[in-house]
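# Observations on the model geometry
Residues per chain, in single letters:
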Amino acid sequence: IDLLAQSQRPDHLDVAMARINLGIVLDELGRHREAQIEYRKTIASLERTMGPDHLEVAMGYNNLGTSLEDEGRLQIAYRCQGIIKMLLEISLVDIPLEAQLDRALDVLLTIDWLPLRDGMGAIHLVEDEPDVLILQASRGFPAAMWAACGRVRFGDCVCGTAAQLRQVMCVGGCDSEIELRYQTDVHYGYYAVPIASREQMIGVLSLYADGSCRLNVEERGFLEVVAGTLAAIVERKRAEEKTARFL
């Protein structure tokens, strides 16, 4: 590119296109920061020679935006791996299941790429009754919410519906068609993620959002991986407890 700039001129269109192509290659290699430098140089050059409203300038901004978006997804992927790693480490700590779930919930409430409401979440598990969820761990619940959500039948409220349908629920609190067990003037959004292993329903993870909530494919996939990890934690601990009773 430097040789081309010397033989032509620094702001020549061929130089700008060469920088764009270099940026695309760098993006494909995952070197997004370097790619963004090339895109910004190209945009500055094209704006000087063609003006800010030219189509080539718009294409440069489009490439820059795509690179920034890809970099953001990569950073989130690394943070997702970190969350799963911390959950797996919790499963190895020799403490009761309830304490493991408390710690897991604390980890999950640090997620900063979902619009989570400060410190509000819960984990329900199925215990003796096969179609009933029992609250095992919670954060940010007022006493009335504890009472309303302590025992939830499949099909009731958001958690019970997620368990019954065995699918991730993403529900806006103010426009939900699901009848909520706990009514409040504050409109929450709800992420309810079924915790299951093979054919067995183990429980539901609930995270609360500010207002309405949406999930893209990557976010939904991440929450499903989290739920699978929680299922493994519960199954491992219950197997340990069952073995201990026979010793």
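What counts, and where the lines are drawn
Residues numbered from 1 in each chain as written. Predicted model: local features only at pLDDT ≥ 70, side-chain atom pairs only at ≥ 80, totals over all residues. Heavy atoms only, no water. Phe/Tyr/Trp six-rings, centres within 6.5 Å; stacked < 30°, edge-to-face > 60°. Helix = DSSP H or I, 4+ residues; strand = E, 2+ residues; numbered from the N terminus. Buried < 20%, exposed > 50% of the residue type's maximum accessible area, 1.4 Å probe, protein only. pLDDT = per-residue confidence, 0-100. Salt bridge = Lys/Arg side-chain N within 4 Å of Asp/Glu carboxyl O. Pairing = 2+ DSSP bridges. Disulfide = S-S within 2.5 Å. Expected span 1.5 Å × (residues − 1). Patch = residues over 30% accessible without salt bridge, like charges linked within 9 Å, V, L, I, M, F, W, Y side chains within 5 Å. Areas by Shrake-Rupley, 256 points an atom, 1.4 Å probe, with all protein chains shown as cover. Lys, Arg positive; Asp, Glu negative; His and termini not counted. Charge placed at Lys NZ, Arg CZ, Asp CG, Glu CD.

## Remarks on the packing of aromatic side chains
Tallying each qualifying case throughout the model produces 1 aromatic pair. Seen in terms of ring centroids, Tyr190 and Tyr208 are 5.0 Å apart; in terms of plane orientation they differ by 65°. Their pairing is edge-to-face. Taken together, the positions of Tyr190 in strand E5 (residues 188-197) and Tyr208 in strand E6 (residues 200-210) put the pair 18 residues apart, joining distant regions of the chain. Like Tyr208, Tyr190 is buried.

## Overview of unusual backbone geometry
The residue Cys157 is not glycine, and still its phi comes out positive at about 55°. Tracing the chain through its elements places Cys157 in helix H7 (residues 157-165). Residue class for Cys157 comes out buried when judged on its relative accessible area of 13%. Of note in the backbone geometry, Arg166 takes a positive phi value of approximately 55° without being a glycine. With respect to the element layout, Arg166 can be found in the loop between H7 and strand E4 (169-172).

## Re the confidence of the model for the protein chain
Put simply, the protein chain has an average pLDDT of 80, and 84% of its residues get 70 or more. No element of the protein chain has a lower mean pLDDT than helix H1 (residues 2-7), at 50, and none a higher one than helix H5 (residues 97-108), at 94.

## Quick notes on the environment of Pro130
With respect to the helices, strands and loops of the structure, Pro130 is situated in the loop between strand E1 (116-126) and strand E2 (132-139). When the C-alpha positions of Pro130 and Met201 are compared, they lie 8.4 Å apart, and in sequence the two are 71 residues distant.

## Here's the deal with the pattern of salt bridges
Throughout the structure, instances matching the rule amount to 8 salt bridges. Between Asp106 and Arg139 there is a salt bridge; the shortest N-O distance is 2.8 Å. Linking Asp106 in helix H5 with Arg139 in strand E2, this pair joins segments that are 33 residues apart in sequence. Look at Asp106 and you get partly exposed, because its relative accessible area is 37%. Classification of Arg139 by relative accessible area gives partly exposed; the value is 24%.

## Things to note about the pairing of E6
With 9 of 11 residues buried, E6 lies mostly within the body of the structure. When E1 meets E6, the two strands line up antiparallel, connected through 6 bridges. In the strand pairing of E6, Leu125 is matched with Gly203.

## Focus on H7
Among the 9 residues that make up H7, 7 are buried, leaving the element largely enclosed by the rest of the structure. Those residues of H7 that fall on the buried side of the exposure criterion are Cys157, Val158, Cys159, Gly160, Thr161, Ala162 and Ala163. Positive phi appears at Arg166, one or two residues downstream of H7, with a value of about 55°.

## Digging into the pairing of E1
With 8 of its 11 residues buried, E1 lies for the most part within the structure. Relative to E2, E1 runs antiparallel, the two sharing 6 bridges. If you follow Gly121 over to E2, its bridge partner there is Arg139. If you look at the hairpin formed by E1 and E2, you'll find 5 residues sitting between the two strands.

## Comments concerning the environment of Val15
Inspection of the secondary structure puts Val15 in helix H2 (residues 13-28). A relative accessible area of 1% places Val15 in the buried class. In this structure the C-alpha to C-alpha distance between Val15 and Thr42, which are 27 residues apart in sequence, comes to 8.2 Å.

## Quick word on the state of the cysteines
This structure, assessed with the given rule, holds 0 disulfides. Sulfur of Cys157: no disulfide; nearest cysteine sulfur belongs to Cys149 and is 5.9 Å away.

## Focus on helix H3 (residues 32-50)
With 19 residues, H3 ought to run about 27 Å at 1.5 Å a step, and its terminal C-alpha atoms sit 26 Å apart, in line with that. Every buried residue belonging to H3 is among His32, Ala35, Gln36, Glu38, Tyr39, Thr42, Ile43, Ser45 and Leu46, and all of these are buried. Following H3 by one or two positions, Gly51 has its phi on the positive side, about 95°.

## Details of a negative patch on the surface
Among the surface-exposed residues, Glu98, Glu127, Asp128 and Glu241 lie close enough to one another that they form a single negatively charged patch. Among the structural elements, Glu98 can be located in helix H5. Classification of Glu98 by relative accessible area gives partly exposed; the value is 39%.

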